[in-house]
Amino acid sequence: MMSDGLTHGEWSEAVADGELLGQRCPDCGAVQGAPKAACPHCGSTALETVALPTEGAVYTETTINVPPAGVEERGYQVVVVQLGDARVMGRLRGDAVGIGDRVALSDSITDEDGYVAPVFEAV
Amino acid sequence: MARAAVVGAGMTKFGVHDKPLQELFAEAALTALEDAGVAPPEIEAFYFGNAMGGQTENDTHLGPKLATHVGMAGIPVQRFEDACATSSNAFKNAVEAVEGGHHDVVLVGGVERCTPKTGKDTAEMTRIFGSASHRQYEQPTGLTFPGVFALFTKRHMHEHGTTERHLAEVAVKNHGNGSLNEKAHFGKSTSVEEVLDSPVVADPFRLMDCCPFSDGASAVVVVSDDLADSYDAAVDVAGVGHGTDIVPLADKETPHVTIAARNAASEAYEQADTTADAIDFAEVHDCFTGAEVLASEALGLVADGEGGPAAADGTTARDGEIPINASGGLKAKGHPIGATGTGQIVELTQQIRGDAGTHQLDGVERGAAHNLGGDAATTIVTVMEGR
Ligand SMILES: [Zn+2]
């Protein structure tokens, strides 16, 4: 059985619409936050697209003061958020958060090449 | 029986080098050849590492260019790119080639120029280094490489109680070690206060928690086990383990555990028929102070959660139980990306021979090198021993 084929394009459209799509492996149960052609744990190609919760707890975070070329702001927070069984990386907006704090998907940002990233805010 | 042996080693000083890549590389390669007593035409193949020459100086297809420059045109040359683990992967493939009987005598090396003085500015280099993180699922967040290791280290601090002071102690130790190494980028010692007073790059990392952008080259001559005794000062390659992990980092099972390093270390120890307890010294990939903490735990040199305290209490000092980064590590010796991996092999070779000069450790027989690429999704661990 083939994966239902979640693509980066579909994932990005969902983020822009305020949703987070991930993939669940029917064979080993692992849930991934970033689309793949096969399960990184067991190799199954039967991955199912699932809607991830849009609210969860901060797994880890950092505040970046020396940005790469192309990013104008400084002192922005990047977070990895535990959303059910998956984790997703995004940018934080608003009040700073620490590990364990609750955050929710609130928006998205787009980089210079048109790639989107989820934006979270403290709840 | 060893998998292979290193019979010649050479490196440039790591730092600022205002000369083209081939000239920088020749300095390391010709030193390694001379050390081995091997002339360029005796080299049967060249395993080469350069991570970013295409992005930083519009210089690609470097293999034959460099081979030509050092008198080896015509032999098979292969170039590797695995971010910061680039030349360790070249080394692994060279070891396999002599072990498998495909070649008897090969050259392995890497070269890279990363300093803002000889190339692009800090913001541009930060973007280029960031290309090793996932293009679609990480880079759009504005993630940088200090940021990647900050994410790992923050979680480690949360779970194990590692402190910013512990991290500063890693920097103090490695700067102290680097001050004894004439090849090191940074030649001066520092203090916990100076580290904690430096500006924040990506918390918890301050400027003094981060390795520098360096220019440099390193090279070693690798031969098969059955030829090793015909050279003056062969050092055995007892094991080389190579692990990889999931990218992007949010999908890794437990990111700060750096499972690729644990798998690579187990594989290398098993090949060498040894254990972490029997390792006398190690060079680990301390691109950031927190990375040394994660690596020393992943290699089993200290217990999980003890990487920070081990730096603070002298366990990993050059006169401690298990000296880590006696060369100064990436933090003080420097980090010319594609030259870093074979730079560690040069260090292991010289320490085991007793040739490390002003930063020689006492009576070391068996060393481990840990070189990671990207978000630690590539890690290569090498065990070398006196022959
Ligand atoms: Zn699976």
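Notes on the structure in this doc start here.

Definitions and limits used
Residues numbered from 1 in each chain as written. Chains lettered and ligands numbered in written order. Predicted model: local features only at pLDDT ≥ 70, side-chain atom pairs only at ≥ 80, totals over all residues. Heavy atoms only, no water. Contact = heavy atoms within 4.5 Å. Buried area = accessible area lost by both parts, 1.4 Å probe. Salt bridge = Lys/Arg side-chain N within 4 Å of Asp/Glu carboxyl O. Polar contact = N/O pair within 3.5 Å; in protein donor to acceptor, adjacent residues only side chain to side chain. Helix = DSSP H or I, 4+ residues; strand = E, 2+ residues; numbered from the N terminus. Axes fitted to C-alpha atoms, helices over the stretch in contact; angles between N-to-C directions. Parallel < 35°, antiparallel > 145°, perpendicular 65-115°, else oblique. Nonpolar A, V, L, I, M, F, W, Y, C, P; charged D, E, K, R; others polar. Buried < 20%, exposed > 50% of the residue type's maximum accessible area, 1.4 Å probe, protein only. Pairing = 2+ DSSP bridges. Core = buried A, V, L, I, M, F, W, Y, C linked by side-chain atoms within 4.5 Å. Donors = N, O, S within 2.8 Å, 3.2 Å for Na, K, Ca; no water. Phe/Tyr/Trp six-rings, centres within 6.5 Å; stacked < 30°, edge-to-face > 60°. Patch = residues over 30% accessible without salt bridge, like charges linked within 9 Å, V, L, I, M, F, W, Y side chains within 5 Å. Areas by Shrake-Rupley, 256 points an atom, 1.4 Å probe, with all protein chains shown as cover. Lys, Arg positive; Asp, Glu negative; His and termini not counted. Charge placed at Lys NZ, Arg CZ, Asp CG, Glu CD.

With respect to the interface of chain A and chain B
Bring the parts together and some accessible area is lost; that lost area is often taken as the interface size.
Stage number 1. Counting residues at the interface gives 37 residues for chain A and 35 residues for chain B.
Stage number 2. Taking both sides of the interface into account, the surface hidden between chain A and chain B amounts to around 3000 Å²; carbon and sulfur atoms contribute 60%.
Stage number 3. Linking chain A with chain B are 4 salt bridges, by the criterion used here.
Stage number 4. At the surface where chain A touches chain B, the tally comes to 20 residue pairs in polar contact (both at pLDDT 80 or more).
Stage number 5. At 6 residues, the largest contribution of residues to the side of chain A that touches chain B is made by strand 4 (residues 55-64) of chain A.

Considerations on the packing of helix 7 (residues 164-178) of chain B against helix 10 (residues 289-298) of chain B
All names here are of chain B.
Stage number 1. Packing of helix 7 against helix 10 leaves a shortest axis separation of 8 Å and a crossing angle of 95 degrees. Between helix 7 and helix 10, the angle is such that the two are roughly perpendicular. Residues Leu167, Val170, Ala171, Lys173 and Asn174 of helix 7 touch helix 10, and the partners they reach there are Thr289, Gly290, Glu292 and Val293.
Stage number 2. For the contact of helix 7 with helix 10, the residue count by class is 4 nonpolar, 3 polar and 2 charged.

A look at the pattern of salt bridges
Side chains that differ in charge, positive against negative, can pair when their charged atoms come close.
Residues and elements named next belong to chain B.
Stage number 1. Going through the model one piece at a time under the given rule, you end up with 26 salt bridges over all chains.
Stage number 2. The closest approach of N and O atoms between lysine 188 and glutamate 194, which form a salt bridge, is 3.5 Å.
Stage number 3. The partner of glutamate 385 in a salt bridge is arginine 366, with the nearest N and O atoms 2.8 Å apart. Residue glutamate 385 is found in strand 11 (residues 378-386), and its partner arginine 366 is found in strand 10 (residues 366-373); the two are separated by 19 residues along the sequence.
Stage number 4. A relative accessible area of 24% means that arginine 366 is categorised as partly exposed.

With respect to the sheet that holds strand 7 (residues 215-223) of chain B
Residues and elements named next belong to chain B.
Stage number 1. Ordered in space as 3-2-4-7-1-8-11-10-9, the 9 strands form an open sheet in which the pairing is mixed. In this open sheet, the two strands that pair with only one neighbour each are strand 3 (77-80) and strand 9 (281-283). Here the average twist between neighbouring strands, direction ignored, is 25 degrees.
Stage number 2. Where strand 10 meets strand 11, 8 bridges bridge the pair, whose relative direction is antiparallel. Bridge pairing in strand 11 links glycine 367 to methionine 384.
Stage number 3. Set on the sheet, helix 13 (residues 337-353) makes contact with strand 1 (4-11), strand 2 (45-49), strand 4 (105-113), strand 7, strand 8 (235-244), strand 9, strand 10 and strand 11; between it and strand 10 the angle comes to about 175 degrees.

Focus: the pairing of strand 8 (residues 116-122) of chain A
All names here are of chain A.
Stage number 1. By the criterion of burial, strand 8 is predominantly enclosed, with 5 of the 7 residues buried.
Stage number 2. Relative to strand 8, strand 6 (residues 86-93) runs parallel, the two sharing 3 bridges. By the bridge assignment for strand 8, arginine 91 is matched with valine 119.
Stage number 3. Joining the antiparallel neighbours strand 7 (residues 102-110) and strand 8 is a turn of 5 residues, in which glycine 114 adopts a positive phi near 90 degrees.

So, unusual backbone geometry
All names here are of chain B.
Stage number 1. Here the bond from aspartate 203 into proline 204 is cis, since omega is 15 degrees, no more than 30 degrees from zero.
Stage number 2. Inspection of the secondary structure assignment puts proline 204 in the loop between strand 5 (200-202) and strand 6 (205-206).
Stage number 3. The step from valine 247 to proline 248 runs through a cis peptide bond, and the omega angle for that step is 5 degrees.
Stage number 4. Along the polypeptide, proline 248 turns up in the loop between strand 8 and helix 9 (259-272).
Stage number 5. Phi angles above zero are rare outside glycine, and alanine 376 is one such case at about 70 degrees.
Stage number 6. Turning to its location among the elements, alanine 376 is positioned in the loop between strand 10 and strand 11.

With respect to the nonpolar core
Residues and elements named next belong to chain B.
Stage number 1. Counting 33 residues, the largest nonpolar core has Tyr47, Phe91, Val108, Val220 and Val222 as the members making the most contacts within it.
Stage number 2. No other element matches helix 4 (residues 86-99), which puts 6 residues into this core.
Stage number 3. Not counting chain neighbours up to four residues away, the residues in contact with valine 220 comprise Val6, Gly8, Ala9, Ala32, Phe91, Val106, Leu107, Val108, Thr342, Ile345 and Val346.
Stage number 4. With 32 residues, the next largest nonpolar core counts Leu151, Val201, Val293 and Leu330 among its residues.

Description of the coordination of the zinc ion
All names here are of chain A.
Stage number 1. Coordination of the zinc ion by the protein comes from Cys25 (SG), Cys28 (SG), Cys39 (SG) and Cys42 (SG), over a distance range of 2.3 Å.
Stage number 2. Sequence positions of the donors to the zinc ion reduce to the motif C-x2-C-x10-C-x2-C. Pair noted here: cysteine 25 is in the loop between strand 1 (20-24) and strand 2 (31-32) and cysteine 42 is in the loop between strand 2 and strand 3 (48-52), with a separation of 17 residues, a long-range link.
Stage number 3. For cysteine 42, a relative accessible area of 40% puts it in the partly exposed group.

A look at the packing of aromatic side chains
Residue and element names in this part refer to chain B.
Stage number 1. According to the stated counting rule, one finds 10 aromatic pairs over all chains in the structure shown.
Stage number 2. Ring plane angle 25 degrees and centroid distance 6.4 Å describe the contact between tyrosine 47 and phenylalanine 80, whose orientation is recorded as stacked. Of the two residues, tyrosine 47 sits in strand 2 while phenylalanine 80 sits in strand 3, which places them 33 residues apart along the sequence.
Stage number 3. Phenylalanine 80 sits in the buried class, given a relative accessible area of 14%.
Stage number 4. Taking 6.4 Å as the distance between ring centres and 45 degrees as the angle between the ring planes, the aromatic pair formed by phenylalanine 145 and phenylalanine 149 counts as tilted. Placement of the pair is phenylalanine 145 and phenylalanine 149 together in helix 6 (residues 145-160), with a separation of 4 residues, close to one helical turn.
Stage number 5. One aromatic cluster is present, built from ring pairs that chain together Phe145, Phe149, Phe152, Phe205 and Phe288.

Notes on the environment of glutamine 23 of chain A
All names here are of chain A.
Stage number 1. Here glutamine 23 is to be found in strand 1.
Stage number 2. As a C-alpha pair, glutamine 23 and valine 81 span 58 residues in sequence and 16 Å in three-dimensional space.
Stage number 3. Within polar-contact distance, the side chain of glutamine 23 engages the backbone nitrogen of lysine 36 at 2.7 Å.

Some words on a negative patch on the surface
Stage number 1. Taken together, the side chains of Asp4, Glu10, Glu13, Asp17 and Glu19 of chain A define an acidic patch exposed on the protein surface.
Stage number 2. Position of aspartate 17 of chain A relative to the elements: it lies in the loop between helix 1 (8-16) and strand 1.

Interpretation in functional terms is not warranted from these geometric data alone.
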